[in-house]
Amino acid sequence: ESAPARLPAALPTAMPDSVRQFLRHDGSRLSVPETDSPFLAIVDMFGRIVRTPANAPDIRIDDLPSGLYQLRTLKPKGRSEPLGFFMKLTNRQAQ
């Protein structure tokens, strides 16, 4: 049997404090930190891009399945920077 997967020890200190914090949302709309990136990427915990909304002060997340997500910028030439994480729960899970 293989050993459980672990994040590298350097990961938490390699990211700014703002990226390690969870982003605010109400289950329907996610508040987006200020960025000059024209587009954003919502990435699931497996690293898959599940949505690429245009940058706005808040974005819809009500139709996302429950899970842990990361919000990232999408800039020209494939550059991407993390903005933060959020946990999406269904109403049943939140109770």
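Notes on the structure in this doc start here. Because the structure is predicted, anything quoted here is derived from the model rather than measured.

1. Some remarks on the overall build of the protein chain
(1) Moving on: Looking only at helices and strands, the protein chain features three helices and six strands.
(2) Moving on: Reading the helices (α) and strands (β) of the protein chain from amino to carboxyl end gives α-α-β-β-β-β-β-β-α.
(3) Moving on: For the protein chain, long-range pairs separated by at least 24 residues make up 52% of all intrachain contacts whose partners lie at least 6 apart in sequence.
(4) Moving on: Roughly 6,900 Å² of accessible area belongs to the protein chain as shown, and the carbon and sulfur atoms make up 54% of that amount.

2. Overview of the pattern of salt bridges
(1) Moving on: With the rule as written, the count across this model stands at six salt bridges.
(2) Moving on: Of the charged contacts, one joins Arg 51 and Asp 63 as a salt bridge, the two residues approaching to 3.0 Å between their closest N and O atoms. With a gap of twelve residues between them, Arg 51 in strand E3 (residues 49-51) and Asp 63 in the loop between strand E4 (58-60) and strand E5 (67-74) connect regions that are remote in the sequence.
(3) Moving on: On the accessibility criterion, Asp 63 (47% relative accessible area) is partly exposed.
(4) Moving on: What emerges from the salt-bridge pattern is a single network uniting Asp 36, Lys 75 and Glu 81.

3. Details of the sheet that holds strand E6 (residues 82-88)
(1) Moving on: Spatial ordering of the open sheet is given by E3-E2-E5-E6, a layout of four strands whose pairing is antiparallel. Two strands in the sheet have a free side with no partner beyond their single neighbour: E3 and E6. Each neighbouring strand pair of the sheet contributes to a mean axis angle of 35°, computed without reference to strand direction.
(2) Moving on: As defined by bridge partners, strand E2 (residues 39-44) adjoins E3 across two bridges and the pair is classed as antiparallel. Within the sheet, the bridge partner assigned to Val 43 lies in E3 and is Ile 49.

Cut-offs and rules
- Residues numbered from 1 in each chain as written.
- Predicted model: local features only at pLDDT ≥ 70, side-chain atom pairs only at ≥ 80, totals over all residues.
- Heavy atoms only, no water.
- Helix = DSSP H or I, 4+ residues; strand = E, 2+ residues; numbered from the N terminus.
- Contact = heavy atoms within 4.5 Å.
- Areas by Shrake-Rupley, 256 points an atom, 1.4 Å probe, with all protein chains shown as cover.
- Salt bridge = Lys/Arg side-chain N within 4 Å of Asp/Glu carboxyl O.
- Buried < 20%, exposed > 50% of the residue type's maximum accessible area, 1.4 Å probe, protein only.
- Pairing = 2+ DSSP bridges.
- Axes fitted to C-alpha atoms, helices over the stretch in contact; angles between N-to-C directions.

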